[in-house]
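Residue strings, one per chain:
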Amino acid sequence: MLFNPRAHFKNAAILAATCAIATHPVLAETANFGTLILSRGFGAPTAALRGSIGGSYSLSAIANADRHKNKCLGFATPTPDHIIQLQQNFSKLTIQVNSGGKDTTLLVQGPGNTVRCGDDTGQNKDAGIVDSDWQAGSYKIWVGTLEPGVKSNYTISVQE
């Protein structure tokens, strides 16, 4: 027999399920180098995030400026480098990059598309952000450089 109705029905059901899955957005967020989950009182500083910079995607494509009108500078990859999940609201957080002196930048995009950007911190070329009113939720973090394609390793410390 050339036509098997059971096999045809089974294949059609598999195809329909595959199409349904493919058309729904993916809910899980991904990052190049992982996720960190923080609760208040996590201990300071926490230097749990490590990665490497090196991309040619302009961070200004995500945002030209942050909520304080700081320019969002630098080049990174289109996918965030890290995701920080805050389990509660934080009145203040400091995020600091340490790349051994490379000229780094930071872009942090949080709940409601709130954006925070950072560049040099004082005499240091590494980027940092010190800000208040961090709402509970998911924060995407991009670590960039002022020159596209520059490659270097870094760590990020997060402090209350």
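For every chain, the first residue of the written sequence is number 1, and numbering continues from 1 onward in sequence order. Where local features are concerned, this predicted model is filtered to residues with pLDDT of at least 70; where side-chain atom pairs are given and counted, the filter is 80 or more; whole-chain, interface and lining totals use all residues. As a convention, hydrogens and water are excluded, and side-chain values are obtained from all of the structure's heavy atoms.

### Some details on the pairing of strand β10 (residues 124-134)
Alright, step 1. Strand pairing is assigned whenever DSSP identifies at least 2 bridges connecting the two strands. A run of H or I in DSSP counts as a helix once it spans at least four residues, and a run of E counts as a strand once it spans at least two, with each numbered from the N terminus. Relative to β10, strand β6 (residues 90-98) runs antiparallel, the two sharing six bridges. Residue pairing across strands places Phe90 opposite Trp134, the latter belonging to β10.
Alright, step 2. Inspection of the sheet shows strand β9 (residues 120-121) paired to β10 by two bridges, in the antiparallel sense. Bridging from a neighbouring strand, Thr121 pairs with Asn124 of β10.
Alright, step 3. Counted along the chain from β9 to the antiparallel partner β10, the turn is two residues long, and its residue Gly122 has a positive phi close to 65 degrees.

### Topic: the packing of aromatic side chains
Alright, step 1. Any pair of Phe, Tyr and Trp rings, taking the six-membered ring for Trp, is counted once the centres come within 6.5 Å. Such a pair is stacked with planes under 30 degrees apart, edge-to-face with planes over 60 apart, and tilted for the rest. For the structure shown, the criterion picks out two aromatic pairs.
Alright, step 2. Taking 5.3 Å as the distance between ring centres and 55 degrees as the angle between the ring planes, the aromatic pair formed by Trp134 and Tyr139 counts as tilted. The same class applies to Trp134 and to Tyr139, which are both buried.
Alright, step 3. Directly above the aromatic system of Trp134 lies the positively charged group of Arg116, at a separation of 3.7 Å from the ring centroid. Think of it in three bands: residues with accessible area under 20% of the maximum for their type are buried, residues over 50% are exposed, and the middle band is partly exposed, with areas taken using a 1.4 Å probe on protein chains only. Whether a charge sits over a ring comes down to the Lys NZ or Arg CZ being within 6 Å of the ring centre and within 35 degrees of the ring normal.

### Overview of the nonpolar core
Alright, step 1. Of all hydrophobic cores here, the largest spans 22 residues; its most connected members are Trp134 and Ile156.
Alright, step 2. Listed by contribution, the elements that provide at least two residues to this core are β1 (35-38), β2 (46-53), β5 (82-86), β6, β7 (104-109), β10, β11 (137-145) and β12 (152-159).
Alright, step 3. Of all the elements, β6 adds the most residues to this core, at four residues.
Alright, step 4. The contacts of Trp134, once residues within four sequence positions are left out, are Leu86, Gln88, Asn89, Phe90, Lys92, Leu93, Ile95, Val108, Arg116, Ile129 and Tyr139.
Alright, step 5. Judged by nonpolar contacts, the second largest core, of eight residues, contains Leu59, Leu107, Val115 and Cys117. For this analysis, a nonpolar core means a set of buried residues of the types Ala, Val, Leu, Ile, Met, Phe, Trp, Tyr and Cys, connected via side-chain atoms within 4.5 Å. Contacts are residue-level and defined by heavy atoms, with any inter-residue pair within 4.5 Å sufficient.

### Observations concerning the pattern of salt bridges
Alright, step 1. Basic side-chain nitrogens of Lys or Arg form a salt bridge, by our definition, when they fall within 4 Å of a carboxyl oxygen of Asp or Glu. Applying the stated criterion across every chain, the model contains two salt bridges.
Alright, step 2. Of the charged contacts, one joins Arg67 and Asp131 as a salt bridge, the two residues approaching to 3.0 Å between their closest N and O atoms. Linking Arg67 in the loop between β3 (57-58) and β4 (75-76) with Asp131 in strand β10, this pair joins segments that are 64 residues apart in sequence.
Alright, step 3. Among the salt bridges present, the one from Arg116 reaches Asp131, with a minimum N-O distance of 2.7 Å. Of this pair, Arg116 sits in strand β8 (residues 115-118) while Asp131 sits in strand β10, and the two are 15 residues apart along the sequence. One exposure class covers both Arg116 and Asp131, and it is buried.
Alright, step 4. One salt-bridge network, in which partners are shared between bridges, spans Arg67, Arg116 and Asp131.

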